[in-house]
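Observations on the three-dimensional arrangement
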Amino acid sequence: MNFHIGNDWDELLQAELNKPYIGALFETLQQQYAQYTVYPAQSEIFTALRLTSYVDTKVVIIGQDPYHGKGQAHGLSFSVKNDVRIPPSLRNIFKELAQDVGGEIPTHGSLEGWAEQGVLLLNTVLTVREASPNSHQNIGWELFTDYIIRLLNEREQPVVFILWGKHAEAKQHQITHTRHPMITSPHPSPFSAHRGFFGSKLFSKSNELLRQMNVEEIDWSKTSAIG
């Protein structure tokens, strides 16, 4: 499997990609893509890194694994392609966005506009078999994405980490430098959003933190691709 991002992640991840577990991971993925329907497409596995370089990352939103329905996943946590029905968790994210900073609820589910502004939309597991949530857990992705989080943790320029739900909060131990603020809340899933996700005002809070860092804020209303 070819790994080429086209920005600073290539050099930063080079040593990690030479580790034995990566070879085993890529071999497993080749078998999975040959035998099953796997999402996202191989060309889209690393979309989050491609759209949001290391140096340009301002905010990190950590998801679990990709959507497992046909045509949904395209390499960004919580995001779906423009022509795909908006999933329930993303609908709740958009509801909180409108309540927090105003504006209309987007009519599509792509978050490429966030990614292009510096929001790293990182799932901890980057692939999944169709209709089989969590099917690619424990094949090596967690080690790889933990390393990405540790790289961001080592950055001198602070990064705002947004952690929704217990799975994302489990990554807190990778974020050891106090210069990086964390915003935590329940997951936006319909099963948990009413336990504190709604009303968390995470979008305005993250922009306030960016202002304190003298970093340009995210225009959260711009969900569509900018380029």
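Above this note sits the structure.
Right, let's walk through the structure included here.

Definitions and cut-offs
Residues numbered from 1 in each chain as written. Predicted model: local features only at pLDDT ≥ 70, side-chain atom pairs only at ≥ 80, totals over all residues. Heavy atoms only, no water. Pairing = 2+ DSSP bridges. Helix = DSSP H or I, 4+ residues; strand = E, 2+ residues; numbered from the N terminus. Axes fitted to C-alpha atoms, helices over the stretch in contact; angles between N-to-C directions. Contact = heavy atoms within 4.5 Å. Expected span 1.5 Å × (residues − 1). Buried < 20%, exposed > 50% of the residue type's maximum accessible area, 1.4 Å probe, protein only. Polar contact = N/O pair within 3.5 Å; in protein donor to acceptor, adjacent residues only side chain to side chain. Core = buried A, V, L, I, M, F, W, Y, C linked by side-chain atoms within 4.5 Å. Salt bridge = Lys/Arg side-chain N within 4 Å of Asp/Glu carboxyl O. Phe/Tyr/Trp six-rings, centres within 6.5 Å; stacked < 30°, edge-to-face > 60°. Lys NZ or Arg CZ within 6 Å of the ring centre and 35° of its normal. Parallel < 35°, antiparallel > 145°, perpendicular 65-115°, else oblique. Nonpolar A, V, L, I, M, F, W, Y, C, P; charged D, E, K, R; others polar.

**Examining the sheet that holds strand E6 (residues 182-185)**
If you trace the four strands from one edge of the open sheet to the other, you get E3-E2-E5-E6, paired in parallel fashion. Looking at the sheet topology across the chains shown, the edges are occupied by strand E3 (119-123) and E6. Neighbour-to-neighbour, the strand axes of the sheet open up by a mean angle of 20°, direction not taken into account. Where helix H9 (residues 202-212) meets the sheet, its contacts fall on strand E2 (59-63), strand E5 (160-164) and E6, and the angle it forms with E5 comes to roughly 160°.

**Describing helix H7 (residues 141-153)**
Across its 13 residues, H7 extends 18 Å between first and last C-alpha, which sits within 8% of the 18 Å expected from 1.5 Å per residue. For H7, the set of buried residues is Trp-141, Glu-142, Phe-144, Thr-145, Asp-146, Tyr-147, Ile-148, Ile-149, Leu-151, Leu-152 and Asn-153.

**Structural notes on the environment of Gly-109**
Within the secondary structure layout, Gly-109 lies in the loop between helix H5 (88-101) and helix H6 (112-116). Here the alpha-carbon distance between Gly-109 and Glu-142, two residues 33 residues apart in the chain, equals 25 Å. Leave out the neighbours within four places in its chain, and Gly-109 touches Ser-79, Val-80, Ile-86, Leu-90 and Phe-94.

**What about the environment of Lys-171?**
Relative to the elements of secondary structure, Lys-171 occurs in the loop between helix H8 (165-169) and E6. You can call Lys-171 buried: its relative accessible area is 8%. Separated by 47 residues in the primary sequence, Lys-171 and Thr-124 have C-alpha atoms spaced 9.2 Å apart. Residues within four places of Lys-171 in sequence aside, it is in contact with Ile-62, Thr-124, Glu-142, Asp-146 and Ile-149. At 2.8 Å, the side chain of Lys-171 forms a polar contact with the side chain of Asp-146.

**Description of the nonpolar core**
Counting 66 residues, the largest nonpolar core has Trp-9, Leu-13, Phe-46, Ile-61, Trp-114, Trp-141 and Phe-144 as its most contacted members. Looking at this core, the element that brings in the most residues is H7, giving seven residues. If we skip the residues at most four places from it in the chain, Leu-13 touches Phe-3, Leu-49, Phe-144, Tyr-147, Ile-148 and Leu-151.

**Focus: the pattern of salt bridges**
Counted under the stated rule, the structure contains seven salt bridges. Put simply, Lys-171 and Asp-146 hold a salt bridge, and the shortest N to O gap is 2.8 Å. You can see Lys-171 sitting in the loop between H8 and E6 and its partner Asp-146 sitting in helix H7, a full 25 residues away along the chain. Considered together, Lys-171 and Asp-146 belong to a single accessibility category, that of buried residues. As a salt-bridge pair, Glu-217 and Arg-211 come within 2.9 Å of each other at their nearest N and O atoms. Residues joined by salt bridges that share partners form a network here, namely Glu-208, Arg-211 and Glu-217.

**Looking at the pairing of E3**
Counting buried residues along E3, five of its five residues qualify, which places the element largely inside the surrounding structure. Summarising the sheet, E2 and E3 pair through five bridges and their orientation is parallel. Counterpart to Val-59 in the pairing with E3 is Val-119.

**Some thoughts on the packing of aromatic side chains**
Across all of its chains, the model carries 12 aromatic pairs by this definition. Seen from their ring centres, Phe-46 and Phe-144 are 6.2 Å apart, and the 70° between their planes marks the pair as edge-to-face. Note that Phe-46 is positioned in the loop between strand E1 (38-39) and helix H4 (47-51) and Phe-144 in helix H7, a separation of 98 residues in sequence. Feature note: the residues Phe-3, Phe-46, Trp-141 and Phe-144 constitute an aromatic cluster, connected by ring pairs. Sitting over the face of the ring of Tyr-36, Arg-129 holds its NZ or CZ atom 4.7 Å from the ring centroid. The side chain of Arg-155 reaches across the aromatic face of Tyr-54, ending 5.8 Å from its centre.

**Focus: the packing of H5 against H9**
In the contact formed by H5 and H9, the axes pass within 8 Å of each other and the chain directions differ by 60°. The pairing of H5 with H9 is recorded here as oblique in orientation. Contacts between H5 and H9 involve Ile-93, Glu-96, Leu-97, Asp-100 and Val-101 from the former and Leu-202, Phe-203 and Ser-204 from the latter. Here the residues of the contact of H5 with H9 sort into five nonpolar, one polar and two charged.

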